[in-house]
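Here is what each chain is made of, one letter per residue.
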Amino acid sequence: LFDVDDYGTAIVIGDGSVAPELEDKARLAVANCPEYAITISE
Amino acid sequence: MTGIYGPVTDWATDIDHAEPEYNERAHEIWDELREGGCPIAHTDRYGGMWAPITHELVKEVAYDTEHFTSRGVIVNTGRPIAEAPVGPAPPITSDPPFHQHARRLLLPPFAPKMIDPWEPEIRRLCNGLLDDMGEIEPGTSIIDAALQYAQHIPVNVISRMLGFPPDDDDYFRRCVHEFIELVNVPVEIRDQSDLHLDEYLDRQIEEHRDHPRDDLTTYLLNAEIGGNKLSHEHVRGSMVLLLIAGIDTTWSAIGSSIWHLAQHPADLERIVDDPDVMLFALEEFLRAYAPVTMARLVAQDHDFHGCPMKENEWVLLPFPAANRDPAMFDDAGGFVIDREENRHAAFGLGIHRCLGSNLARLELKVAIQEFVARFPKFELAGDTTWSVGQIRGPRVLPVRVLERA
């Protein structure tokens, strides 16, 4: 779902669409982002 | 050397984080303050110090770089001489706008792709320490998980990353002790230190100028801000930061985690039987036993939620207290080993958030994994001695090994 650049900043891979098998992990990311910077639209 | 202030009788009106009782009873003290309706404690000690203890207030101070300066981040009886915006240990002692330049240049060497390759080396280090404990007789052997294990891991890694000689770990631990623990002594006593860390670092800088190599010291010597090399003071200050911040913080987190497991056999069993739970357990160790409290100085007189804060008074930022705030976390006082939602503040909040968090997480994870792999069952075997001051963790931690792999 995410990659990390040379500065350690997380960036979304591709267009941000989430494969069904990764949906749980995407929800974990939303629940734990310290800056509340991740949202999921369904 | 004992402190100049003496024991505390009222934590709301006379809080002192460097009295031994504070770290021994930290969780109870925060609960008592909350239940007593005191979200911001105060003391006249240290020339005036405030201590917000809720997540909301700690976050507000951490984000407000206008009213609170990072010129000083370790509360003590004196005041820092080096001026903002650089400060004595950039970027942690720097304010905007300089801060972002000093921070940005340190991010790449601590990004995951530079830190992850250290994992095998950290595993070897941990196993070497476990081997050095000698013959272990389950049921009778008592080891000290702080003195024989936790305290050696981060100092070894960061001094190697900086490219320092291999046998100076004891010296670095003494530096940490003087910088972080000996804070409630007269300034003259602090000034009389015989450690001369600046001179030690000057020698390392000189040696690296003559013999550049692939390490953080050479990296800092080659780094530039706006096309200019860093000043000598900036290079040395960032080395102080990496050395100090990289030692007793993670050492404390490893020790507190083992301290918890030694008293909670069900959590220990879960980690041994279900290694995948480590993803969540790691964050819960960091939340429940966050080692690091930072501080700020009040930049100018202002009223903060009814508290008349005066310029140059200290403000303590107890991230560990914020992590146990029931307004922020369900079961905040408990330990939920598989807690899925865990926005803890163990690495701080705002622009000064820990830039070594990838390394700290790796060291903590590997240290716990290797310890429980070697000793799948263990229990506390005596009194724990806690550190004093802003970094909280066990300094003496006797553990009886009950099972050896």
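Residues numbered from 1 in each chain as written. Chains lettered and ligands numbered in written order. Predicted model: local features only at pLDDT ≥ 70, side-chain atom pairs only at ≥ 80, totals over all residues. Heavy atoms only, no water.

Remarks on helix H2 (residues 26–35) of chain B
Working note: α-helix, 3.6 residues per turn, so residues spaced by three or four point in the same direction.
Residue and element names in this part refer to chain B.
Item 1. When H2 is considered as a whole, its buried residues turn out to be Ala26, His27, Ile29, Trp30, Leu33 and Arg34. Within H2, the buried residues cover an arc of 165 degrees as seen down the axis, which keeps them to one side.
Item 2. Taken together, the buried residues of H2 touch helix H1 (20–24), strand E1 (40–43), helix H15 (278–288) and helix H16 (319–322).
Item 3. Phi for Gly37, located one or two positions after H2, is positive at around 75 degrees. (Buried < 20%, exposed > 50% of the residue type's maximum accessible area, 1.4 Å probe, protein only. Helix = DSSP H or I, 4+ residues; strand = E, 2+ residues; numbered from the N terminus. Arc of directions from axis to C-beta. Contact = heavy atoms within 4.5 Å.)

Focus on the sheet that holds strand E7 (residues 294–298) of chain B
The strands making up a sheet associate through hydrogen bonds between their backbones, and the pairing can be parallel or antiparallel.
Residue and element names in this part refer to chain B.
Item 1. Pairing in this open sheet of five strands is mixed, and the strands run E1-E2-E10-E7-E3 from one edge to the other. Whereas interior strands pair on both sides, the edge strands pair on one side only; in this sheet they are E1 and strand E3 (68–69).
Item 2. Pairing of E7 with strand E10 (residues 314–317), which is carried by four bridges, proceeds in the antiparallel orientation. Bridging from a neighbouring strand, Leu297 pairs with Trp314 of E10. (Pairing = 2+ DSSP bridges.)

Here we look at the packing of H15(B) against helix H17 (residues 357–374) of chain B
All names here are of chain B.
Item 1. At a minimum axis distance of 11 Å, the contact between H15 and H17 shows a crossing angle of 110 degrees. One way to sum up the angle between H15 and H17 is to call them roughly perpendicular. The crossing of H15 and H17 is right-handed. Side by side, H15 and H17 meet where Met278, Leu282, Glu283, Phe285 and Leu286 of the first sit next to Arg361, Leu364, Lys365, Ile368 and Gln369 of the second. (Axes fitted to C-alpha atoms, helices over the stretch in contact; angles between N-to-C directions. Parallel < 35°, antiparallel > 145°, perpendicular 65-115°, else oblique. Left-handed = near helix turned anticlockwise from the far one by under 90°.)

Details of the interface of chain B and chain A
Item 1. Residue-level contacts link 13 residues of chain B with 13 residues of chain A.
Item 2. When chain B packs against chain A, the two sides together hide about 1200 Å² of surface, and 52% of this comes from carbon and sulfur.
Item 3. Across the chain B-chain A interface, the total number found is one salt bridge.
Item 4. Taking the shortest distance from any N to any O, the salt bridge between B:Lys113 and A:Asp6 comes out at 2.5 Å.
Item 5. Residues belonging to the side of chain B that touches chain A are distributed by class as follows: seven nonpolar, one polar and five charged. (Buried area = accessible area lost by both parts, 1.4 Å probe. Salt bridge = Lys/Arg side-chain N within 4 Å of Asp/Glu carboxyl O. Nonpolar A, V, L, I, M, F, W, Y, C, P; charged D, E, K, R; others polar.)

A few points about the nonpolar core
Residues and elements named next belong to chain B.
Item 1. One finds Tyr149 and Phe378 to be the most contacted residues of the largest nonpolar core, which totals 105 residues.
Item 2. Considering each element in turn, this core owes the most residues, nine residues, to H17.
Item 3. In this structure Phe378 touches Ile258, Leu261, Ala262, Leu268, Phe371, Val372, Val399, Arg400, Val401 and Leu402, once residues within four positions along its chain are discounted.
Item 4. In terms of nonpolar packing, the next biggest core, distinct from the first, is built from 22 residues, Tyr22, Ile53, Val75 and Ala295 among them. (Core = buried A, V, L, I, M, F, W, Y, C linked by side-chain atoms within 4.5 Å.)

Considering unusual backbone geometry
Item 1. The residue after B:Pro90, namely B:Pro91, is reached through a cis peptide bond having omega 5 degrees.
Item 2. Positionally, B:Pro91 belongs in the loop between E3 and helix H4 (98–104).
Item 3. B:Pro97 follows B:Pro96 through a cis peptide bond whose omega is 0 degrees.
Item 4. Relative to the assigned elements, B:Pro97 resides in the loop between E3 and H4.
Item 5. Even without being a glycine, A:Tyr36 presents a positive backbone phi close to 55 degrees.

A look at H17(B)
Item 1. With 18 residues, H17(B) should cover 26 Å at 1.5 Å per step; its first-to-last C-alpha distance of 26 Å lies within 8% of that length.
Item 2. Buried residues dominate H17(B), accounting for 13 of its 18 residues. (Expected span 1.5 Å × (residues − 1).)

Examining the side chain of B:Ser238
All names here are of chain B.
Item 1. Here Ser238 lies in helix H12 (residues 232–245).
Item 2. Look at Ser238 and you get buried, because its relative accessible area is 0%.
Item 3. Within the structure, Ser238 has its side chain in polar contact with the backbone oxygen of Pro90 (distance 2.7 Å).
Item 4. Beyond its immediate stretch of four places on either side in the chain, Ser238 contacts Pro90, Leu106 and Leu220. (Polar contact = N/O pair within 3.5 Å; in protein donor to acceptor, adjacent residues only side chain to side chain.)

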